[in-house]
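# Structural overview for review
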Amino acid sequence: MDTGRAPLWQEEPAVRRRMADPVRTAAVRAVIIVALTLIQAMVAFLCTLAGSWFAFPAVLGTVASTVVATWAVLDVWVTRQVWVQRNGVRSQPSSTARELRRERRRARRRQRRASREDPSRIDRAAA
């Protein structure tokens, strides 16, 4: 029963590698804290507009939450730096430059081997 339409879901390969577990944990924690801080800021703003008694404590809580959210985001950065320092970077070449260098190196080696094996190839006029 082929309808001729494209499927709704198509698997695509991941563009980036998955984050390390400690870094991902810190990032999830930071996103949750930042989301709660934004909700708290909106509540404080709306309470201020409404003239509610809860506006002042909400603003104080929002300021404290902003400090905590900043700390959480910095924690992601520090955790990532520590993980890279301890485990190293698993890099893959982003261009073909490395492969081109390998090919040139192999060609030079083949040329050297061929000149060593066949002494008649050496230009005697230049020698």
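Read on for a plain summary of the structure. Computed from a predicted structure; not experimentally measured.

### Observations regarding the pattern of salt bridges
- Evaluation of the coordinates by the stated rule reveals four salt bridges.
- A salt bridge links arginine 29 to aspartate 75; its shortest N-O distance comes to 3.0 Å. Linking arginine 29 in helix H1 (residues 21-50) with aspartate 75 in helix H2 (residues 55-87), this pair joins segments that are 46 residues apart in sequence.

### Here we look at a positive patch on the surface
- Taken together, the side chains of Arg98, Arg101, Arg104, Arg105, Arg108, Arg109, Arg110, Arg112, Arg113 and Arg116 define a basic patch exposed on the protein surface.
- Along the chain, the position of arginine 101 falls in helix H3 (residues 97-117).

### Here we look at the side chain of serine 65
- Structurally, serine 65 is set in helix H2.
- Judged by relative accessible area, serine 65 falls into the buried class, the value being 18%.
- Within the local environment of serine 65, its side chain forms a polar contact with the side chain of glutamine 40, the two groups lying 2.6 Å apart.

Here is what the cut-offs are and how they apply
Residues numbered from 1 in each chain as written. Predicted model: local features only at pLDDT ≥ 70, side-chain atom pairs only at ≥ 80, totals over all residues. Heavy atoms only, no water. Salt bridge = Lys/Arg side-chain N within 4 Å of Asp/Glu carboxyl O. Helix = DSSP H or I, 4+ residues; strand = E, 2+ residues; numbered from the N terminus. Patch = residues over 30% accessible without salt bridge, like charges linked within 9 Å, V, L, I, M, F, W, Y side chains within 5 Å. Areas by Shrake-Rupley, 256 points an atom, 1.4 Å probe, with all protein chains shown as cover. Lys, Arg positive; Asp, Glu negative; His and termini not counted. Charge placed at Lys NZ, Arg CZ, Asp CG, Glu CD. Buried < 20%, exposed > 50% of the residue type's maximum accessible area, 1.4 Å probe, protein only. Polar contact = N/O pair within 3.5 Å; in protein donor to acceptor, adjacent residues only side chain to side chain.

Interpretation in functional terms is not warranted from these geometric data alone.
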